[in-house]
Amino acid sequence: MRDDHAERFPAEALATLDAWGYRALQVPEEYGGRLTSLEELSAIGRVVAGRDPAVTLIANSPLGAAMPVWLAGSTAQRRAGADAVLGGAWVALGITERAHGADLLASETTVRRDGDGYLVDGEKWLINNAGRARYVCLLARHPDRTGMRSLSFVLMDLAALPPTAYTILPRITTHGMRAAQIAGIRFHGARVPAGALIGRPGSGLELASSALAITRTLVPALSLGVLETALRCCTAFLRDRRLYGGAATDIPYVREELAAALVDLRAAEAVARACVRVPHLLPDLVPVTSAVTKYLVPRAVEDRMRQLAVVLGSRSYLREGHWSGLFEKLRRDVTLFGLFDGSEPVVLSALTAQASCLDVPADPRRADALFTPETTPGPLFGHATGPFADDDPVTAGTGDACAALARHTADPVLTEAAAVLRAAGERVRAEAGDALDARSLAGQQFADRYARLFAATCLARTALAAGEAPPWLGPGLLALLEPGRRMPAERAAALWNDVLAHAATGPAGHPGAPVALLRGGEDR
């Protein structure tokens, strides 16, 4: 919290992570690191995010920034990147520009041939770790090319450039993530060798799409880390808060809101867990799953944080007092997860473009491994991920999942959820054949319905694979499919002990760190 208040780089926290070996998780195992599973990395990142979202944003940046190198770089580039990260250096990603945002084809930064090398000119903006990076993966335009093949990624080694070749722009202040160092870089005729291009010339747009699809898959876990800490924070305060002759948690509305937060957390984590396994097990489905999970999970968390703020009252706004004002910081910080690597309209447009995969018959058994945690992940890098999914084996299993859920007649909420899920599947498949403009309101609304169908099917198939129907399953499905719908009061009451159990666990649900031990201190 001291770093946040001072808007200071969290050097001490990052040094602690380095000592533990977190940097090794940013480098694939074949290049000397420990990264073998995105699921493992997301689980550990979730724990860190539950302590400080800004720290996890910075700590995970080497992998996200270097993703073009891991996907398409030469052996020499990968070796250089691995050695730099493992040696304590930072990597930055330069994609967006101040005037163009997500419109990458409008990029004005250029890379032009000059003898046996290239010259790079132009400015990139909103770059994490811009002033600390050794390498920058830079997206630049070839002036002699137009259209989809006009962009390339260039690996800029700032240590090999003269000081006059680039300028680090002033740091940009932000409402949240105040400890992060976000700025821009301007290049002035920076000369790089021919081997600095990442992948083949003109492949920048598709490489950017592939890289962002992987990093978007990791974002939801960070949002979940924030929500689970926020829920513990609220529960701890409200249990001790005396109102109207009793604890605040004796008030039915308070219990219902806290139970609803737990339901959202459980539902969203099932979706995030299934989707983070896709790059390993079904890489052809990544264009769908990266959009679904990046859109729905951060949005659900932000919505729930707003509701928790209402329940917490004025304590949600204070920078001191209960848990040193942690909730206020979490609420500020978590909004960035919904923005970076593609805002909601960008991600929804990307999902609308995948509608044709619903027209192709698919075998639902092909997705079974996504819902079975014991399955060994396949390789992460080395296989091609196209811009479009061929089919959708996840929602191909919606009908069977609904039939299985409907057999739980003793749980009327789950039975109703199964019927709502079936109707949602029929509607989305009927709409998928329409010619939708991905940037239109109709296109965005379709993408929202498709994302919710996909996510609810993931949740249903996860529960069925485990042979479980917990009391939060029906409310969780309805929360995904019909956001804003209130859970029956009696179901919220039945979940109260689960809320208390969550409040008594450590970060990311690990037991052993009771709420009482986490309450105070600026060091939190």
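Structural data are supplied above this passage.
A short tour of the structure in this document, coming up. From a predicted model like this one, the values you see are computed outputs, not experimental measurements. (Residues numbered from 1 in each chain as written. Predicted model: local features only at pLDDT ≥ 70, side-chain atom pairs only at ≥ 80, totals over all residues. Heavy atoms only, no water.)

Points about the pattern of salt bridges
- On inspection of all chains with the given rule, the structure shows 37 salt bridges.
- The shortest N-O distance in the salt bridge between Arg486 and Glu256 comes to 3.2 Å. Here Arg486, found in the loop between α17 (473–481) and α18 (489–494), pairs with Glu256, found in helix α9 (residues 252–276); they are 230 residues apart in sequence, far enough to count as distant.
- Arg486 gets classed as partly exposed once you look at its relative accessible area, which sits at 48%. (Salt bridge = Lys/Arg side-chain N within 4 Å of Asp/Glu carboxyl O. Helix = DSSP H or I, 4+ residues; strand = E, 2+ residues; numbered from the N terminus. Buried < 20%, exposed > 50% of the residue type's maximum accessible area, 1.4 Å probe, protein only.)

Focus on the packing of helix α13 (residues 344–352) against helix α16 (residues 441–466)
- Between α13 and α16, the least distance of the axes is 8 Å, while the angle of their chain directions is 80 degrees. Of the possible angle classes, the one that applies to α13 and α16 is roughly perpendicular. The segment α13 lies against α16, with Glu344, Pro345, Leu348, Ser349, Leu351 and Thr352 engaging Gly443, Gln444, Phe446, Ala447, Asp448, Tyr450 and Ala451.
- Residue composition of the contact of α13 with α16, grouped by class: 7 nonpolar, 4 polar and 2 charged. (Axes fitted to C-alpha atoms, helices over the stretch in contact; angles between N-to-C directions. Parallel < 35°, antiparallel > 145°, perpendicular 65-115°, else oblique. Contact = heavy atoms within 4.5 Å. Nonpolar A, V, L, I, M, F, W, Y, C, P; charged D, E, K, R; others polar.)

Describing the environment of Thr398
- Among the structural elements, Thr398 can be located in helix α14 (residues 398–406).
- Take Thr398: its relative accessible area is 6%, and that puts it in the buried class.
- As for Thr398 and Leu421, which are separated by 23 residues in sequence, their C-alpha atoms are 7.7 Å apart.
- In this structure Thr398 touches Leu421, Leu453 and Thr457, once residues within four positions along its chain are discounted.

Some thoughts on the packing of aromatic side chains
- Scanning the model with the defined rule gives 7 aromatic pairs in all.
- An angle of 45 degrees between the planes, with centres 5.7 Å apart, marks the rings of Tyr31 and Trp70 as tilted. Of this pair, Tyr31 sits in the loop between α2 (11–20) and α3 (38–51) while Trp70 sits in helix α6 (residues 67–72); the two residues are 39 residues apart in sequence, bridging distant segments of the chain. Accessibility classification places Tyr31 together with Trp70 in one group, the buried group.
- Note on Phe446 and Tyr450: the rings are 6.1 Å apart at their centroids and 35 degrees apart in plane angle, and the pair reads as tilted. With a gap of 4 residues between them, Phe446 and Tyr450 both fall in helix α16, about one helical turn apart. This pair shows no difference in class: Phe446 is buried, exactly as Tyr450 is.
- Among the aromatic residues, those joined into a cluster by ring pairs are Phe446, Tyr450 and Phe454.
- Here the guanidinium or amino end of Arg132 rests over the ring plane of Phe9, the centre of that ring lying 3.6 Å away. (Phe/Tyr/Trp six-rings, centres within 6.5 Å; stacked < 30°, edge-to-face > 60°. Lys NZ or Arg CZ within 6 Å of the ring centre and 35° of its normal.)

Digging into unusual backbone geometry
- With phi around 50 degrees, Glu7 is a residue other than glycine that occupies positive phi space.
- Along the chain, Glu7 turns up in the loop between α1 (2–6) and α2.
- For Glu7, a relative accessible area of 30% translates into the label partly exposed.
- The backbone of Ser324 sits at a positive phi, close to 55 degrees, despite the residue not being glycine.
- Its location among the elements puts Ser324 in the loop between α11 (286–312) and α12 (326–334).

Considering the nonpolar core
- Membership of the largest hydrophobic core comes to 150 residues, with the highest contact counts inside it found for Leu258, Val288, Met305, Phe327, Tyr450, Phe454 and Leu477.
- A total of 19 residues in this core trace back to one element, the largest contributor, which is helix α8 (residues 204–240).
- In this structure, Phe327 is in contact with Ala230, Cys233, Cys234, Met305, Leu308, Ala309, Leu312 and Ser316, ignoring residues within four places of it in sequence.
- Among the nonpolar cores identified, the runner-up in size contains 22 residues, and Ile127, Met156, Ala165 and Leu197 belong to it. (Core = buried A, V, L, I, M, F, W, Y, C linked by side-chain atoms within 4.5 Å.)

Describing the pairing of strand β7 (residues 182–193)
- Strand direction decides the pairing type here: strand β3 (residues 117–128) and β7, joined by 9 bridges, are antiparallel. Considered in β7, the bridge of Asn128 is made with Ile182.
- Where strand β6 (residues 166–168) meets β7, 3 bridges bridge the pair, whose relative direction is antiparallel. Each bridged residue has a counterpart across the sheet, and for Thr167 the counterpart in β7 is Arg186. (Pairing = 2+ DSSP bridges.)

Describing the state of the cysteines
- Summed over the entire model, instances satisfying the criterion amount to 0 disulfides.
- Of all cysteine sulfurs, the one in Cys234 lies closest to Cys233, which takes part in no disulfide; the gap is 5.4 Å.
- Taking the relative accessible area as the measure of exposure, Cys233 reaches 1% and is therefore buried.
- The thiol sulfur of Cys458 is not disulfide-bonded, and the nearest other cysteine sulfur, from Cys275, lies at 4.8 Å.
- The buried category is assigned to Cys458, whose relative accessible area is 1%. (Disulfide = S-S within 2.5 Å.)

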